[in-house]
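# Close look at the chain arrangement
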Amino acid sequence: MCPPTFSILPEFKNNYSYYALQKNLELVESVVQFSRGQFLNPEKIEIIKEKLGKKLIGTRFYPGGSSVLFGWSFPSEQVGRLMYKPYYSRHLTQLLIHYFCINDFLSTLKKINLEPEIPKYRFITPKVIGIAKIEAFEREFPTLIVEEVQGDTIQDDLQLIRTISQLTKKLAKKGFICDPYAANWKYYTNEDKNHISYIDLLSSNRLKNINSRIAELIKQLN
């Protein structure tokens, strides 16, 4: 078993403690080992809570899904909370593409006429703080370290679900692929403003020079 490796993205290297993130990542790796590379459902999470006890104080556990083993968020001095998301059916390249998509995604949203579909929402995409790799069971589990977004999923808001479905179709025409599945979207209200966030991986078929951009980023991370 190799120790987990990770890098803080260039724009955040001076803002976050490498040691603190590494300590959290080692805990994440221990749960990957416990899960034997299988996603965690609520029942398994309860077992882990009993085993880890005090180590869970201040943290939050979330069940896995179709590509994520689980989500585990830790408090951070720099930002409210950081979420660690190990993937079992994704490649590291997909995580890097997601990172490059974020800025282009928000810029594209500004160019799309959302009226009257989403006139009152401010869109947020969680910032990628770091990218890690956990090796276990002769496999690699690429891991995102991102800001944890507030709010609840849109599963109980049928109108918003329909709206998101229309939005994802418009984004697809601009080259951005995001899943309209309700569990991938969160919303909350703060200071009389409505916020909505996409929490899954973004992809795009229109990113320019993506191979050279990834190569350059990897050089910086190393």
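From a predicted model like this one, the values you see are computed outputs, not experimental measurements.

## A word on the sheet that holds strand S10 (residues 185-190)
Strand order in the open sheet formed by four strands is S5-S11-S10-S8, and the pairing between neighbours is mixed. The open sheet has two free edges, formed respectively by strand S5 (121-124) and strand S8 (152-153), since each of these has just one partner strand. With six bridges connecting them, S10 and strand S11 (residues 193-198) associate as antiparallel partners. Its bridge partner lying in S11, Lys186 is registered against Ser197. Sheet contacts for helix H4 (residues 158-173): S5, S10 and S11; angle to S10, the most-contacted strand, approximately 120°.

## Here's the deal with the layout of surface pockets
In this model, the largest pocket occupies a volume close to 980 Å³. In this structure, the largest pocket is lined by 38 residues; those nearest its centre are Lys85, Ala183, Asn184, Ile199 and Asp200. Of all the elements in the fold, those that place two or more residues in the lining of the largest pocket are strand S2 (60-63), strand S3 (70-75), strand S4 (81-86), helix H3 (92-111), strand S7 (139-147) and S8. When its residues are assigned to classes, the lining of the largest pocket shows 19 nonpolar, 11 polar and eight charged. Volume-wise, the second largest pocket comes out at about 290 Å³. The wall of the second largest pocket is formed by 15 residues, among which Glu11, Tyr99, Ile102, Asn103 and Lys127 lie closest to the centre. Elements that contribute at least two residues to the lining of the second largest pocket include exactly H3 and S5. It is H3 that contributes the most residues to the lining of the second largest pocket, six residues altogether. A class-by-class count of the residues in the lining of the second largest pocket yields eight nonpolar, two polar and five charged.

What counts and what doesn't
Residues numbered from 1 in each chain as written. Predicted model: local features only at pLDDT ≥ 70, side-chain atom pairs only at ≥ 80, totals over all residues. Heavy atoms only, no water. Pairing = 2+ DSSP bridges. Helix = DSSP H or I, 4+ residues; strand = E, 2+ residues; numbered from the N terminus. Contact = heavy atoms within 4.5 Å. Axes fitted to C-alpha atoms, helices over the stretch in contact; angles between N-to-C directions. 1 Å grid on protein atoms, 1.4 Å probe; cavity = no way out; pocket = protein on both sides within 12 Å on 5 of 7 lines; lining within 4 Å. Points joined across faces, edges and corners; volume = space filled by probe spheres on them. Nonpolar A, V, L, I, M, F, W, Y, C, P; charged D, E, K, R; others polar.

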